[in-house]
Each structure stands twice: as structure tokens, then as C-alpha cells.
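# Structural characterization, general
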Amino acid sequence: MADEDSTQQRRNTKGRQRNRGRSGRPRQYSAKAPSQRQRATDPARLTAFQILQAVTHEDAYANLVLPTRIRRNKLDRQDAGFATELTYGTLRSLGTYDAILARCVDRSLKKLDRPVLDALRLGTHQLLNMRVPAHAALDTTVALVRDQIGTGPSGFVNAVLRKVSQRTLEEWLEELAPGDSDQDLAIRYAHPPWILRAVKQSLVTNGRNVEDFRSVLEANNSAPELNLIALPGIGDLEPVLEYGAEASPLAPDAAVYSGGDAGRIPGVADGTVRVQDIGSQLTARALVGARDVTAGEAWLDMAAGPGGKAAVLAALAQAHGATLQANDVSEHRTKLVTQALRVVNEDVWTTSVADGTALAADPANAQRFDRILLDAPCTGLGALRRRPESRWRRTPQDLATLTQLQSQLLDAALAMLKPGGLLAYVTCSPHIAETTLQVNDLLKRQPDVTLLDSASALQQVAHQDDDGSVLARESITAGDTDANTAQLWPDLHRTDAMFFALLTR
Ligand SMILES: C[S@@+](CC[C@H](N)C(=O)[O-])C[C@H]1O[C@@H](n2cnc3c(N)ncnc32)[C@H](O)[C@@H]1O
């Protein structure tokens, strides 16, 4: 009889036999993917939650924590993609989501426990900006909170996210940011107002329409493709293209890949092919392409860590019979430079750990170098696509410290430059205080310094077609033909917003 009873219980109302859990109760199905059932919280969302916490609590960098967490949590390719999109998307739009959440929570967001706020942000991104069904976004976030924080907060999170889910993102924006004030635009495009103003100012300074700020901010909010370079004379682009990357329309030896995981791309593991923004590639090449190289030239990369541009310069130095000293103030970052340069013959390059200004104070370095790259420490506002948290972490106060350091490093670089030598001043920021104003100040401070045709130098190293360079001059400079600075843009060139000024004395 007992057996018959249990058999009865195992059948549903249509008489079909049901799955049962060990408890004897009918098993509850979750909104998780089949691979993720059995686990308390699905690994992709747990990974995103852990990264978000590391970034918001411990000042970690998402691009550094993400690969480690993905490996540690043993995510498969699909889950890794989901965790990346969830983490980066949430971090990029944090300002917008906090404005929405502030409407749905009856106290200041600052008063919420930080893990709870992070879970709400993740849930909001899934509800408003990902193709996750609303019930799955809600259920999985509530489950995550229950598992990772506790049952009490899970009810609160459920109630808040239900309010969030009552409108689409556009409806929320219509309500919260209907106008054209910087404050409204900052919410709509998820950029702090000071960065929004900096982008507008830079557009105008560089000869673009101020209204283009919308397309720049949208580009900052998009997921960047992976950019690659086969080191000139060392790497092989062909296998990279066969692997599925597309040849860059902009730069030689370069490719663009949207498939994720860089580690498996041929040449990346051995260092002959490197992941590097194509704008960065062009600035390093332009320092070399601007003028023929005489064998025996001495080059300096003054702030080289972690070695992206130094690797390109060293490869070109090898090809042209020059030598490169790659320097950085940080010992750790100099180790990364050494690793980056391992594929280039050892007699071509050396590394050093020194403050750039101290390097210049050494009499042996006075007027020593034929070409110097100063890729200066900067706010990084040109690389917001790839560093999703930096827009919320940087402050206008950082500018004061950085611009002072930049001008000291510029003076130091010029002291080490041979008369007639070339200095490339580069930043991954379009902020005019770090770029055009910095160069103008230098020209006033040191009247024997001359600004060269930076735009042409960049154009020359880009691909050429029947009409000349594919890098249109008017897209990168407002300056005249023989003395100008150049600015690349994520919306026009699909690169970071790299600034490039070529100088001589
Ligand atoms: C924008 S990063 C350089 C990126 C590098 N060129 C690349 O392409 O991989 C700026 C570098 O400047 C270094 N730095 C900061 N202050 C410095 C100083 N006073 N002297 C030399 N290097 C400095 C930082 O450690 C950092 O590695």
C-alpha cells in the first residue's frame, strides 16, 4: 500500500510520473540553464557579483580581476561571456542604474549594505539592458542574495527589483533625465558630468561638432572588440586571420576579433602577437614612421609599463638597427615590459626602473636619445570602453596631480632628446588639460621646442588606398598642415581616444 501511495504521489494531475527531489516533494525548477541547476547560485552571476564587489569595495580593476575569477570559478565559454557582459555592462552604466534605484528605494543608496547595492545593480542591468527574461533576472538575483548575503535582504531586493522591472530603460530615462542639461545627459549616457563636459570641450578643440559627444559617449558604452598586432618583422598575422579575426581596415599587421578569449589566438601565448588597441599601435609606429631611421639610433620609452608600445618599438628597432631603452617607475610594470620584449633579440633592448625625471637628471642621459616616446600617466578617459569602472573612480582632482607630472616628464624627456630628435607625447585621454593645453604650455615654457605635423605622422603609418591614408586628416586634427596635434576617437576610428603630439627641438 505504501508503495502504491508513493507511486500515486509521483504522478501529477494528468497521470504522468513526476520527477521528485530527495525530500519527496516535487522538484522546483529554476530559471537557470541546465548546466547550472544543482548549484545554489549560477556560476556566471556569482562571478559577476564577486567581481563587482572587488571593484566597488577593494578598488580592484575589473579587467584584471575578471580573467582570474573566470578561471577560478571554472566557467565555460558561454558562462564566461555572460559574466563579462554582466560585469562590464553593470559597471559602465552604474550611474544610470543608481539613479533608477534611488527612485525605487525609500532611503539613500549610501545607507544600503554594499553587497545588497551591488546585487541590485546586477539585477537592474539584467532587467533593463540584457536579453534575460524578467522572471529569470529577478529569481536568480534574489537567489544570489539569499545564498551570498542572507534571507532578510532577499525580500528587500525582490521588492526593489519588481519596481525597477515596471518600466523599460527608455521609460526610466524619460522620467529621470528628460532634458539636455549636463546632469540629465550624464544620467542618460552614464558618464559623470565633468567627463561629459571634457568630451565636449575636446571635440570642439579638435575641430569636431560638439553634438558628436553623443556618439563618443555611446562608443564609450559599447563593448570593444579585441585589437591585435602581429609584431612587425616577428609575428605572423595570417594564422590570426585564419582563426577568425578580421584584418584591421586602419593599421598594418593589425586585426580585430570579436570572439572573446585572446589566449587561444595563434601567436598570443608566445608573445609574437599581442592584444593592443589599434590607436596605441599607430602612435608607436608614428614615432618611427615620421622620419627615416639611421642605423644605430638610440630610442627611449620613458614610461613603458606594461610594455604594449615598447614591444612595437623594440620590434621596429630590431628591423631598423636601432636600440631601445624601456623605462618605468614601477618595478612590477618593468617586469611586465621585460616579458613583453622577450620575443625581440636581447641586444636590441634594455629595461630600467626609474622615475623619468631622475633619468633626465643623470648627466649621461643629457641629449642622448634620437627618439623618445612619452606615453604619459593620465586619467585614461580615452579608454573608458575597456576600463568600465574608471569613469566613476576618476575625479577632477586627479587632473591637477597628473597634469603636473606630465609637464615634469615632458621637460625631462626634452632634456634627454638629441637636438633635432623626435619626441612623441601620447595620452590615452582626450582631456584638453592633458593634451592640447599641455602641449601649448610646453611650447610657451620652452621656446626652442617645435610642434611638428603630428596628424601626417599618424596618417602615414595607417593603411593607404588610392586616395592616400585611410585615416582622414579632418577626423584627427583641427590644426594647420605643418604644426598640429592629433586625436583619435572611439566613435570614428573604433580605437581608444589616443592623443598624439610629435615634437622636436
Ligand atoms: C599610460 S602608462 C604607459 C603604457 C605603455 N606605454 C604601454 O603602451 O603599455 C603610463 C606608465 O607611466 C608610468 N609612470 C608613472 N609615473 C612615472 C614616472 N614619474 N616616471 C616614469 N614612469 C612613470 C606608470 O607606471 C605607467 O606604467
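Criteria and thresholds
- All chains use their own residue numbering, which begins from 1 and follows the written sequence.
- Owing to the predicted nature of the model, reporting of local features is limited to residues with pLDDT of at least 70; listing and counting of side-chain atom pairs is limited to 80 or more, with chain, interface and lining totals taken over all residues.
- UniProt positions are given in the numbering used here, feature names are shortened, and annotations may be inferred rather than shown by experiment.
- Where each domain starts and ends follows an automatic or database-derived domain assignment.
- A pair of residues counts as a contact when their C-beta atoms, built from backbone coordinates, are within 7 Å of each other.
- The helix count covers DSSP runs of H or I at least four residues long, the strand count covers runs of E at least two residues long, and both are numbered beginning at the N terminus.
- Throughout this description, a residue near a molecule or strand is one whose C-beta atom, derived from the backbone, lies within 6 Å of it.
- Think of it as three bins: nonpolar holds Ala, Val, Leu, Ile, Met, Phe, Trp, Tyr, Cys and Pro, charged holds Asp, Glu, Lys and Arg, and polar takes everything else, Gly as well.
- Using C-beta atoms placed from the backbone, we call a residue buried if 20 or more other C-beta atoms fall within 10 Å of its own, exposed if 12 or fewer do, and partly exposed for counts in between.
- Between N-to-C directions, angles cover 0 to 180 degrees, with each direction set by a line fitted to C-alpha atoms, over the stretch in contact for helices.
- With respect to orientation, any angle under 35 degrees is reported as roughly parallel, any angle over 145 as roughly antiparallel, any angle of 65 to 115 as roughly perpendicular, and every other angle as oblique.
- Helix crossings get a hand from a simple test, with the near helix turned counterclockwise from the far one by less than a right angle marking a left-handed crossing and a clockwise turn marking a right-handed one.
- Multiplying 1.5 Å by the residue count of a helix minus one yields the expected span of that helix.
- Our arc is simply the arc of the directions from the helix axis toward the C-beta atoms.
- Nonpolar cores are identified as sets of buried Ala, Val, Leu, Ile, Met, Phe, Trp, Tyr and Cys residues joined via C-beta atoms within 7 Å.
- Here, strands pair whenever DSSP counts at least two bridges between them.

Looking at an unreviewed UniProt entry, one finds the protein chain named 16S rRNA (Cytosine967-C5)-methyltransferase, with Enteractinococcus fodinae as its source organism. The Sequence similarities (unreviewed entry) comment attached to the protein chain in UniProt states, word for word, "Belongs to the class I-like SAM-binding methyltransferase superfamily. RsmB/NOP family."

A word on the domain arrangement of the protein chain. As far as domains go, the protein chain holds domain 1 (37-169) and domain 2 (277-504). Look at where the C-alpha atoms of domain 1 and domain 2 centre, and you get two points 38 Å apart. Taken together, the contact between domain 1 and domain 2 spans nine residues of the former and five residues of the latter. Of all the secondary-structure elements, those providing two or more residues to the side of domain 1 that touches domain 2 are helix H3 (62-72), helix H4 (77-92) and helix H5 (94-104). In terms of residue count, the dominant contributor to the side of domain 1 that touches domain 2 is H4 (three residues).

A few words on the site of the ligand. In the vicinity of the ligand, 16 residues are found, and the nearest of them are Ala303, Gly305, Gly308, Gly356 and Asp375. A per-class count over the shell around the ligand returns five nonpolar, six polar and five charged.

Before going further, it helps to spend a moment on the environment of Ile265. Mapped onto the elements, Ile265 comes out in the loop between strand E3 (254-257) and strand E4 (273-275). Accessibility expressed as a C-beta count within 10 Å gives 20 for Ile265, which makes it buried. Separated by 55 residues in the primary sequence, Ile265 and Val210 have C-alpha atoms spaced 39 Å apart. Ignoring sequence-local partners within four residues, the contact set of Ile265 consists of Leu228, Val240, Tyr243, Ala245, Tyr257 and Val273.

A word on the packing of H5 against helix H8 (residues 151-164). Across the interface, H5 lies against H8 with an axial gap of 9 Å and an inter-helix angle of 110°. As summarised for this structure, H5 and H8 are arranged roughly perpendicular, according to the angle between their axes. The element H5 and its partner H8 pack so that their crossing is right-handed. Residues Ile100, Leu101 and Cys104 of H5 form the contact with H8, whose own contacting residues are Val160, Lys163 and Val164.

The terminal C-alpha atoms of helix H11 (residues 193-205) lie 18 Å apart, and with 13 residues this matches the ideal 18 Å at 1.5 Å per residue to within 8%. For H11, the set of buried residues is Ile195, Leu196, Ala198, Val199, Ser202 and Leu203. The arc that holds the buried residues of H11, viewed along the axis, is 160°, so those residues lie on one side. The inward-facing, buried residues of H11 contact helix H10 (182-189), helix H12 (213-220), helix H18 (390-393) and strand E13 (486-487). Backbone geometry just after H11 places Gly207 at a positive phi near 80°.

This brings us to the nonpolar core. Residues Ala314, Leu374, Ala413 and Leu458 are the most contacted members of the largest nonpolar core, which totals 140 residues. No fewer than three residues from each of domain 1 (37-169) and domain 2 (277-504) sit in this core. Every residue in contact with Leu374, bar those within four places of it in the chain, is listed here: Met302, Ala303, Leu409, Leu410, Ala413, Leu423, Tyr425 and Val426.

Strands sit in the order E2-E3-E1-E4 across an open sheet of four strands; the sheet is antiparallel. Where the open sheet ends on each side, the last strands, each with one partner, are strand E2 (246-247) and E4. Sheet topology note: the E2/E3 ladder contains two bridges and is antiparallel. Counted as the bridge partner of Ala247 is Ala255 from E3.

Along strand E1 (residues 226-230), four of the five residues are buried, which leaves the element largely enclosed by surrounding structure. Where E1 and E3 come together, four bridges link them in antiparallel fashion. Bridge pairing in E3 links Ile229 to Ala254.

Let us look at the UniProt feature "binding site: S-adenosyl-L-methionine" (unreviewed entry) in the protein chain. Taking the UniProt record as the reference, the feature "binding site: S-adenosyl-L-methionine" (unreviewed entry) is found at Ala303, Ala304, Gly305, Pro306, Gly307, Gly308, Lys309, Asp328, Asp355 and Asp375. For Ala303, the location among the structural elements is in the loop between strand E5 (298-301) and helix H15 (308-320). Setting aside chain neighbours within four positions, we find Ala303 in contact with Asp328, Gly356, Leu374, Asp375, Ala376, Pro377 and Leu409. Relative to the helices and strands, Ala304 is located in the loop between E5 and H15. Sequence-distant contacts of Ala304, defined by excluding residues within four places in its chain, comprise Ala310, Ala326, Asn327, Asp328 and Val337.

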